[in-house]
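Now for the letters of each chain:
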Amino acid sequence: MNDRLQQIIGQSGNSREARTGTQDDVVYAHIFDAILEQRLAPGTKLSEEALGEIFGVSRTIIRRALSRLAHEQVVLLRPNRGAVVAEPSLEEARQISFARRIVERAITELAVEHATSDQIANMKRLVKEEQACFDKGDRGSGIRLSGEFHLQLALMANNAPLLNFQRSLVSQTSLIIARYETGNRSHCSYDEHNQLIKAIEQRDKARAVELMMHHLDHIDHKLNLQDDGASGDLHAVFSHLMLDRKKGAK
């Protein structure tokens, strides 16, 4: 068995879906949480055999869960080579970031219109949990709760297709952050989330949308989505050495 995979998956279990539902719901929720918490890195192989042993279920159950995750584009199913956690390319990351702005704007506008007092109270509790995790250095759980905030916001919007889009975009964003985040890894998302909740509670649609766009700007500014200069071409990578050698030969 892949012991590292077992350790990563075994730490999960905070999702509501992980406590109830069918066997493939349980597997799906645990892996989804592990991706949100950035404990499963992009490119990680998801062995059906290892996952079957971890969860004590058949490969058929594992395949169903992985198929759901593949539908959300956070897992890549490779014929004859097994499943891996997706590795968004630079262009894919840019497209995901663009799509998320459109979806988040629509969700925020609808949340202002439809949010109930109970939902708003639940969001406030969620942000307190998020802040507590970052304060005590539990970055993984803090990131997961930050993603959960955006999923709950989609629930408040009361639009099922948007919620489905959001699940995929939030988990893909977590993979993008894991792969492309640079510089300061500190998070102040809970401050921005609190401001957003206040605008929703006041039914101030323009302010809420403005805050959401600023929040997404903050996420994007911490990512390096420019060409990173990396190459698989050895001649290109070491071209400066070849040039120096040619100069020395003259």
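Below is a short write-up of the structure.

So, how was this worked out
Residues numbered from 1 in each chain as written. Predicted model: local features only at pLDDT ≥ 70, side-chain atom pairs only at ≥ 80, totals over all residues. Heavy atoms only, no water. Helix = DSSP H or I, 4+ residues; strand = E, 2+ residues; numbered from the N terminus. Buried < 20%, exposed > 50% of the residue type's maximum accessible area, 1.4 Å probe, protein only. Contact = heavy atoms within 4.5 Å. Areas by Shrake-Rupley, 256 points an atom, 1.4 Å probe, with all protein chains shown as cover. Pairing = 2+ DSSP bridges. Phe/Tyr/Trp six-rings, centres within 6.5 Å; stacked < 30°, edge-to-face > 60°. Lys NZ or Arg CZ within 6 Å of the ring centre and 35° of its normal. Polar contact = N/O pair within 3.5 Å; in protein donor to acceptor, adjacent residues only side chain to side chain. Core = buried A, V, L, I, M, F, W, Y, C linked by side-chain atoms within 4.5 Å. Expected span 1.5 Å × (residues − 1). Salt bridge = Lys/Arg side-chain N within 4 Å of Asp/Glu carboxyl O.

**What to know about the overall build of the protein**
In step 1: Regarding its fold elements, the protein presents twelve helices and three strands.
In step 2: The proportion of buried residues among the 250 residues of the protein is 46%.
In step 3: Looking at the protein alone, contacts between residues at least 24 apart form 73% of all its contacts between residues at least 6 apart.
In step 4: Here the protein displays about 13300 Å² of accessible surface, and carbon together with sulfur accounts for 49% of that area.

**Here we look at the sheet that holds strand β1 (residues 45-46)**
In step 1: Pairing is antiparallel across the open sheet formed by three strands, whose spatial order is β1-β3-β2. With one partner strand each, in any of the chains shown, β1 and β2 (75-78) form the two edges of the open sheet.
In step 2: Looking at chain direction, β1 and strand β3 (residues 82-85) are connected through two bridges and run antiparallel. Among the inter-strand pairings, Lys45 is bridged to a residue of β3, identified as Val84.

**Quick notes on the packing of aromatic side chains**
For any pair of aromatic rings, the description rests on two quantities: the centre-to-centre distance and the angle between the ring planes.
In step 1: With the rule as written, the count across this model stands at two aromatic pairs.
In step 2: When the ring of Tyr28 is compared with that of Phe32, the centres are 5.7 Å apart and the planes differ by 25°; the resulting orientation is stacked. You can see Tyr28 and its partner Phe32 sitting in helix α2 (residues 23-36), four residues apart, about one turn around the helix. With respect to burial, Tyr28 and Phe32 carry one shared label: buried.
In step 3: Both rings, one in Phe134 and one in Tyr190, keep their centres 6.1 Å apart while their planes meet at 40°; by these two values the pair is tilted. Residue Phe134 is found in helix α6 (residues 117-135), and its partner Tyr190 is found in helix α9 (residues 189-201); the two are separated by 56 residues along the sequence.
In step 4: Over the ring of Tyr28 we find Arg68, and its NZ or CZ is 3.9 Å from the ring centre.
In step 5: The ring of Phe32 carries Arg167 above its face, with NZ or CZ at 4.3 Å from the centroid.

**Some remarks on helix α3 (residues 48-55)**
In step 1: All of the buried residues along α3 are Ala50, Leu51, Gly52 and Ile54.
In step 2: The backbone nitrogen of Glu49 lies 3.3 Å from a side-chain oxygen of the residue at the head of α3, namely Ser47.
In step 3: With its phi angle positive at about 65°, Gly56 sits one or two positions after the end of α3.

**A few points about the environment of Val103**
In step 1: With respect to the helices and strands, the residue Val103 is situated in helix α5 (residues 90-114).
In step 2: The class of Val103 is buried, set by a relative accessible area of 10%.
In step 3: C-alpha separation for the pair Val103 and Leu162, spaced 59 residues apart in sequence, amounts to 6.9 Å.
In step 4: When residues no more than four places from it in sequence are discounted, the contact partners of Val103 are Leu162, Phe165, Gln166 and Leu169.

**Some details on the nonpolar core**
In step 1: Judged by nonpolar contacts, the single largest core of 40 residues is most densely connected at Leu153, Met156, Leu196 and Ile200.
In step 2: Apart from residues lying up to four places away in sequence, Ile200 is in contact with Ala111, Val112, Ala115, Ile120, Leu153, Met156 and Ala208.
In step 3: Val27, Leu46, Ile62 and Val85 belong to the second-largest nonpolar core, a separate cluster that totals 25 residues.

**Some details on α5**
In step 1: For α5, with 25 residues, the first-to-last C-alpha span of 36 Å sits near the 36 Å given by 1.5 Å per residue.
In step 2: Along α5, the residues that are buried comprise Leu90, Ala93, Ile96, Ser97, Arg100, Val103, Glu104, Ile107, Thr108, Ala111 and Val112.

**Some details on the pattern of salt bridges**
In step 1: Scanning the entire structure with this criterion turns up 15 salt bridges.
In step 2: A salt bridge links Glu48 to Arg63, with the shortest nitrogen-to-oxygen separation between them at 3.1 Å. Taken together, the positions of Glu48 in helix α3 and Arg63 in helix α4 (residues 59-71) put the pair 15 residues apart, joining distant regions of the chain.
In step 3: Of the residues examined, Glu48 reaches a relative accessible area of 22% and is grouped as partly exposed.
In step 4: In this structure, Lys222 and Glu181 form a salt bridge, with 3.5 Å as the shortest nitrogen-oxygen distance. Of the two residues, Lys222 is situated in the loop between α10 (205-221) and α11 (234-237) and Glu181 in the loop between α8 (160-180) and α9; the sequence distance between them amounts to 41 residues. The same class applies to Lys222 and to Glu181, which are both buried.
In step 5: Beyond isolated ion pairs, a larger network of salt bridges with shared partners links Glu37, Arg39 and Arg144.

**Re the pairing of β3**
In step 1: Pairing geometry for β2 and β3, over four bridges, is antiparallel. Across the sheet, the residue bridging to Leu76 is Val84, located in β3.

These figures come from the coordinates and say nothing about function on their own.
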